[in-house]
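Fold and contact review
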Amino acid sequence: MSGATGRILTALKIDRSFIATMAVAPKGMSIVSTITSLAHSLDVKVIAEGVETEDQAASLRR
């Protein structure tokens with residue numbers, strides 16, 4: 001991680017492809033959950049691209 005020295009991490013972004021498949025593909029939800037957990041442990045924001053339904057938003061809040 002020597003390249004990250006001196007840089008400030010403020011957010012982690014979840015690509016829309018993971019959001020689109022998280023309800024139908026277990027691995028998609030696992031990736032989303034892992035990114036969310038990492039962001040929370042680093043105390044940074046989570047940005048989820050491509051959230052189109054209330055179900056997707058609710059899944060992200062869990």
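Look above for the structure.
An account of the accompanying structure is given in this report. Within each chain, residue numbers correspond to sequence positions counted from 1 in written order. The predicted nature of this model means local features are confined to residues of pLDDT at least 70 and side-chain atom pairs, given and counted, to a pLDDT of 80 or more, with totals for whole chains, interfaces and linings taken over all residues. Each side-chain value is worked out from all heavy atoms of the structure, with water and hydrogens disregarded.

Turning to the overall build of the protein chain, a few remarks are in order. A helix here means a DSSP run of H or I that spans at least four residues, while a strand means a run of E at least two residues long, and both kinds are numbered starting from the N terminus. A count of helical and extended segments in the protein chain gives 3 helices and 2 strands. Exposed residues in this analysis have more than 50% of their type's maximum accessible area, buried residues have under 20%, and partly exposed residues fall in between, with area computed by a 1.4 Å probe over protein chains only. Sorting the 62 residues of the protein chain into buried and exposed places 21% on the buried side. As displayed, the protein chain has an accessible area near 4700 Å², and 57% of this comes from carbon and sulfur atoms. Note that His is not counted, nor are the chain ends; the positive residues are Lys and Arg, and the negative ones are Asp and Glu. All charge positions are set by atom: Lys at NZ, Arg at CZ, Asp at CG, Glu at CD. Here the protein chain carries 7 positive and 6 negative side-chain charges, and the mean point of each set is 6 Å from the other. All accessibility values rest on the Shrake-Rupley procedure with a 1.4 Å probe; residue burial counts only the protein chains present in the view.

For the rest of this paragraph, the subject is the pattern of salt bridges. Salt bridge, as used here: a side-chain nitrogen of Lys or Arg that lies within 4 Å of a carboxyl oxygen of Asp or Glu. Within this structure, the stated rule accounts for 2 salt bridges. Here E54 ties to R61 by a salt bridge, and the two come within 3.3 Å at their closest N and O atoms. Residues E54 and R61 agree in their burial class; the two are exposed.

A word on the nonpolar core. What makes a nonpolar core is a set of buried Ala, Val, Leu, Ile, Met, Phe, Trp, Tyr and Cys residues whose side-chain atoms join them at distances within 4.5 Å. Counting residues in hydrophobic clusters, the biggest one holds 8 residues: L12, I14, I19, M22, V32, I35, A39 and V44. Elements with a contribution of two residues or more to this core: β1 (11–14) and α2 (26–41). When residues in this core are grouped by element, the largest group, 3 residues, is from α2. Every residue in contact with M22, bar those within four places of it in the chain, is listed here: G28, M29, V32, Q56, S59 and L60. Whether two residues touch is decided by their heavy atoms; if any such pair falls within 4.5 Å, the residues are in contact.

Our next topic: the side chain of T36. Looking at the secondary structure, you find T36 in helix α2. At a separation of 2.8 Å, a polar atom in the side chain of T36 contacts the main-chain carbonyl oxygen of V32. Apart from residues lying up to four places away in sequence, T36 is in contact with I14 and V46. Here a polar contact means two N or O atoms within 3.5 Å. Within protein one must be a hydrogen donor candidate and the other an acceptor candidate, and residues neighboring in sequence count only if both atoms are side-chain atoms.

A few words on the side chain of Q56. Tracing the backbone through its elements, the reader meets Q56 in helix α3 (residues 54–61). Residue classification places Q56 among the buried positions, given a relative accessible area of 14%. The residues contacting Q56, other than those within four sequence positions of it, are I19, A20, M22, G50 and V51.

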